[in-house]
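Inside the fold
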Amino acid sequence: MATAVATKPPATAAYTDAWTALEAQVEALKGSHLRDLLEDEDRCASMVASHPGLTLDFSRQKATKKTMFYLQELAKAAGVTEKVAAMMAGTKINPTEGRSVLHVALRAAPDAVIESGGANVVPDVHAVLDKVKAFSARVRSGEWVGATGKALTDVVSIGIGGSYLGPEFAYEALRMDATAGAAASGRRLRFLANVDPVDVARAREGLNPETTLVVVVSKTFTTAETMLNARTMRSWLVDALGESAVAKHMVAVSTNADGVKGFGMDPENMFGFWDWVGGRYSVCSAVGVVPLALQYGFDVVERFLAGARDMDTHFATAPPEQNLPILMGLLGVWNNTFLGHATRALLPYQQALLKLAPHIQQVDMESNGKGVKLDGSPLGHEGGPVNFGEPGTNGQHSFYQLMHQGRVVPADFVGVIAAQTPIHLAGEPVSNHEELMCNFFAQPDALALGKTAEQLADEGVPAELIPHKTFTGDRPSSSILMDRLDAFSLGQLLALFEHRTAVEGFVWGINSFDQWGVELGKVLAKQVRTTIAGVRSKGGDVSGFNSSTTALLKKFLQG
Ligand SMILES: O=P(O)(O)OC[C@H]1O[C@](O)(CO)[C@@H](O)[C@@H]1O
């Protein structure tokens, strides 16, 4: 087990007491092994929590009932329940940007009342949803046609970061779902995120401008990559169809109506959202709803939003001991801050969730990758962990070697009971999905139990190979078992991970909802852009950079 890296942050007596008790837990658990902890049936039974559609088994975490008790004490002392309530009530819990954090309002029922700045935001949310519903129905039915009168069967959604990752995650998850898949028949959805021209080429490969609708998704409508990609796709459309194509082939999703107008798009063709929606939490706004409704129809989107709402309600109302996001958040704090594990893996045993890890990577690392607390004082310990992941079983043939015999990487396994696309070959003992799930059950045990030198010796393994074949085990994981993967449960899963991140930030006392760390690179890129443009247009030299960057830039420009 890694040693604790935490230093005690100054806080209330209750917080400090819980923190100290958890540090003592680290010491107390040093002599134990998950192999033994898993023998304790009472402990195991207490470390399972469920919500309709989802079961969380955290019995393979390096923790006991006592650890969970003190983690809950820490949550209490940090005011997690109160902070959840404040978030959901529209309190401006993002003080560095002066904003409420209300992604839950994006999936609220029409009669809910959620205020930001004294005004109920829910009617605005539903007005936009109604607009998307009508628009997507017109496009999908062929009533809204392109410049040459053809139906728009293909969509390119341009956006980056939070304006891309969540929608792509949801799109991929539902491609093979029976209902969503059938609704998407004859339609294509592509995403264009990277400013790399290769991404442009990939996005429009095989597409015909006459049948393509471009959705420009940008909260600010100033993001350099998105704006250049939007201009690139605009020129592709205009070159083929003339200037008037813009009105019929381009729509926007943004909070910046002036920016949309300035780009030459009719603000009527804009779907709005609000400053209280953080980019990485925006998949349930028009950011995700527009492309998903165009591809799968609005009914599917409504189920997705309902699933997220269901998890929001659970998060807001379930007792902390049975509250899935709170439990997962506390285990994240335990592994990261107390046990000192700097990474965590997200391992969905479901190919449809291939974009879960990239999405949650942004949700978590842009939210909790911080070094200071809300008041600006140093955190005193590391912030959120490095998140990464791949679907199983692919990951098993990639980085699992390290997880089994190298570093300790706490893992979250996600499995699904019902297959989206069942296959069972005649003569095979198990179905293809069951084969996948065999691995979902085997891997957490392999990590936890390991294999001892004695076991290997008993099996007759030659002595010189024993050190190489030994598995130390004692490697923590949680298993999330979903009944099925459809639009509703996808919404649940999304909200579960969004709220886990919030819980961790609430316990650490950081602002999980700003992202100042992305700014400096953007400023420096602007300086480089000005230099490259200047050299290209007027000649001259590279100046104003350090010697390393100057030399590399010169080499690039000579090339
Ligand atoms: O939607 P926008 O304004 O184009 O921003 C895109 C992304 O850029 C960031 O600001 C920083 O990477 C993200 O938080 C955001 O999701």
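This one's a predicted model, so the numbers in the text were calculated from it and none came from an experiment. The numbers attached to residues start from 1 for each chain and follow its sequence in the written order. Local features in a predicted model are, by the rule used here, given only for residues with pLDDT of at least 70; side-chain atom pairs are given and counted only at 80 or more, and totals for whole chains, interfaces and linings are based on all residues. Think of the side-chain values as coming from all heavy atoms in the structure, minus any hydrogens and water.

Around the ligand there are 14 residues in total, and Ser163, Ser218, Thr220, Thr223 and Glu366 lie nearest to it. Polar contact is the term for a pair of N or O atoms within 3.5 Å; when the atoms are in protein, one must be able to donate a hydrogen and the other to accept it, and sequence-neighboring residues count only if both atoms are side-chain atoms. At a separation of 2.7 Å, an oxygen atom of the ligand approaches a polar backbone atom of Lys219. Thr223 has a polar side-chain atom sitting 2.5 Å from an oxygen atom of the ligand. With residues, only the protein chains shown are counted as cover, and all accessible areas are computed by Shrake-Rupley using a 1.4 Å probe. Notes on the ligand: free accessible area 400 Å², of which the protein chains cover 86%. Note on residue classes: Ala, Val, Leu, Ile, Met, Phe, Trp, Tyr, Cys and Pro are nonpolar, Asp, Glu, Lys and Arg are charged, and everything else, Gly too, is polar. When grouped by side-chain class, the residues that make up the shell around the ligand number two nonpolar, nine polar and three charged. When at least one non-hydrogen atom of a residue lies within 4 Å of a molecule or strand, that residue is treated as near it.

In this analysis, strands are considered paired if DSSP registers two or more bridges between them. Numbering of helices and strands starts at the N terminus; helices are DSSP runs of H or I of at least 4 residues and strands are runs of E of at least 2. Spatially, 6-5-7-8-9 is the arrangement adopted by the five strands of the open sheet, whose pairing is parallel. The open sheet terminates on both sides in strands that have one partner only, identified here as strand 6 (188–192) and strand 9 (270–272). Averaged over neighbouring strand pairs, the angle between their axes works out to 20 degrees when direction is ignored. In this structure, strand 7 (residues 212–217) lies alongside strand 8 (residues 250–254), joined through four bridges in parallel fashion. The residue of strand 8 that forms the bridge with Val214 is Met250. By definition, residues are in contact when any of their heavy atoms lie within 4.5 Å. Axis geometry follows a simple rule: fit a line to the C-alpha atoms, using only the stretch in contact for helices, then measure angles between N-to-C directions, giving values from 0 to 180 degrees. Along the sheet, helix 9 (residues 197–204) contacts strand 5 (154–158) and strand 6; its crossing angle with strand 6, the most-contacted strand, is approximately 175 degrees.

Attention shifts here to the confidence of the model for the protein. How sure the predictor is of each residue is captured by pLDDT, a score from 0 to 100. Here the protein averages 96 in pLDDT, and 98% of its residues register 70 or above. Confidence over residues 1–9 falls short of pLDDT 50; this stretch has 31 contacts with residues more than four positions distant or in other chains. Note on the complex model: pTM 0.96, ipTM 0.98.

What follows concerns the packing of aromatic side chains. Each aromatic ring pair is specified by the distance between its two centres and by the angle formed by the two planes. Aromatic contacts are taken between Phe, Tyr and Trp rings whose centres are within 6.5 Å, Trp giving its six-membered ring; a plane angle under 30 degrees counts as stacked, one over 60 as edge-to-face, and the others as tilted. One pass over the full model with this rule turns up 17 aromatic pairs. Chaining the aromatic ring pairs together yields one cluster made of Tyr15, Trp19, Trp334 and Phe338. Over the face of the ring belonging to Phe271 we find Lys131, whose NZ or CZ atom lies 5.3 Å from the ring centre. By definition here, charges over rings are those cases where NZ of Lys or CZ of Arg is within 6 Å of the ring centre and within 35 degrees of the ring normal. The cationic tip of Arg234 hangs over the ring face of Phe263; the distance from NZ or CZ to the ring centre is 6.0 Å.

Further remarks concern the sheet that holds strand 2 (residues 54–57). Pairing between sheet strands relies on hydrogen bonds along the backbone, with the strands arranged either parallel or antiparallel. One open sheet holds the six strands; their spatial order is 1-2-13-12-10-11, and the pairing between them is mixed. The open sheet has two edge strands, strand 1 (48–51) and strand 11 (386–389), and neither has a second partner. Neighbour-to-neighbour, the strand axes of this sheet turn through a mean angle of 15 degrees, independent of strand direction. Pairing of strand 2 with strand 13 (residues 477–482), which is carried by four bridges, proceeds in the antiparallel orientation. By the bridge assignment, Thr55 is partnered in strand 13 with Leu481. In the packing of helix 18 (residues 432–449) onto the sheet, the strands contacted are strand 10 (343–349), strand 12 (411–416) and strand 13, and the crossing angle to strand 12 comes to about 155 degrees. Here helix 21 (residues 487–508) sits on the sheet in contact with strand 1, strand 2, strand 10, strand 11, strand 12 and strand 13, set at roughly 150 degrees to strand 13.

Criterion for a salt bridge: a side-chain nitrogen of Lys or Arg within 4 Å of a carboxyl oxygen of Asp or Glu. According to the stated counting rule, one finds 24 salt bridges in the structure shown. The partner of Arg175 in a salt bridge is Glu172, with the nearest N and O atoms 3.2 Å apart. For each residue, the accessible area found with a 1.4 Å probe, counting protein chains only, is set against the maximum for its type, and the residue is called buried under 20%, exposed over 50%, and partly exposed in between. By relative accessible area, which is 16% here, Glu172 ends up buried. One connected set of salt bridges, linked through shared partners, spans Asp57, Arg60 and Asp445.

Moving on, we get to the domain arrangement of the protein. Domain start and stop positions are those given by an automatic or database domain assignment. Taken domain by domain, the protein consists of domain 1 (9–78 + 318–508), domain 2 (103–305) and domain 3 (518–558). Computed over C-alpha atoms, the centres of domain 2 and domain 3 are 34 Å apart.

This part covers a negative patch on the surface. Like charges within 9 Å and nonpolar side chains (Val, Leu, Ile, Met, Phe, Trp, Tyr) within 5 Å are joined into patches, using only residues over 30% in relative accessible area that form no salt bridge. Residues scored as positive are Lys and Arg, those scored as negative are Asp and Glu, and His as well as the terminal groups of each chain are ignored. For charged residues, the charge sits on one atom: NZ in Lys, CZ in Arg, CG in Asp, CD in Glu. Together, Asp36, Glu39, Asp40 and Glu41 make up a negatively charged patch on the protein surface. Judged by its relative accessible area of 62%, Glu39 is exposed.

At a closest axis distance of 11 Å, the pairing of helix 1 (residues 13–29) and helix 15 (residues 324–338) adopts a crossing angle of 70 degrees. Relative to helix 15, the element helix 1 is oriented roughly perpendicular. In this structure, helix 1 uses Trp19, Leu22, Glu23, Gln25, Val26 and Leu29 to contact helix 15, whose residues at the interface are Trp334, Thr337 and Phe338. A class-by-class count of the residues in the contact of helix 1 with helix 15 yields six nonpolar, two polar and one charged. Orientation labels follow simple angle bins: below 35 degrees gives roughly parallel, above 145 gives roughly antiparallel, 65 to 115 gives roughly perpendicular, and whatever is left gives oblique.

Moving on to helix 15. Since the α-helix turns once every 3.6 residues, residues separated by three or four places project in the same direction. An expected span of 1.5 Å times one less than the residue number is assigned to each helix. The terminal C-alpha atoms of helix 15, which comprises 15 residues, lie 20 Å apart, in line with the 21 Å expected from a rise of 1.5 Å per residue. With respect to burial, helix 15 is a largely interior element, 15 of its 15 residues being buried. Gly340, located one to two residues past helix 15, shows a positive phi value of around 80 degrees.

Next up on the list: unusual backbone geometry. In this structure, the amide linkage connecting Gly392 to the following residue, Thr393, adopts the cis form with an omega of 10 degrees. Tracing the sequence through the fold places Thr393 in the loop between strand 11 and helix 17 (400–405). Residues other than glycine seldom take positive phi values, yet Phe221 does so here, at roughly 60 degrees. Secondary-structure assignment places Phe221 in the loop between strand 7 and helix 10 (224–241). Positive phi, normally seen in glycine, also occurs at Asp474, with a value near 65 degrees. Its location among the elements puts Asp474 in the loop between helix 20 (466–469) and strand 13.

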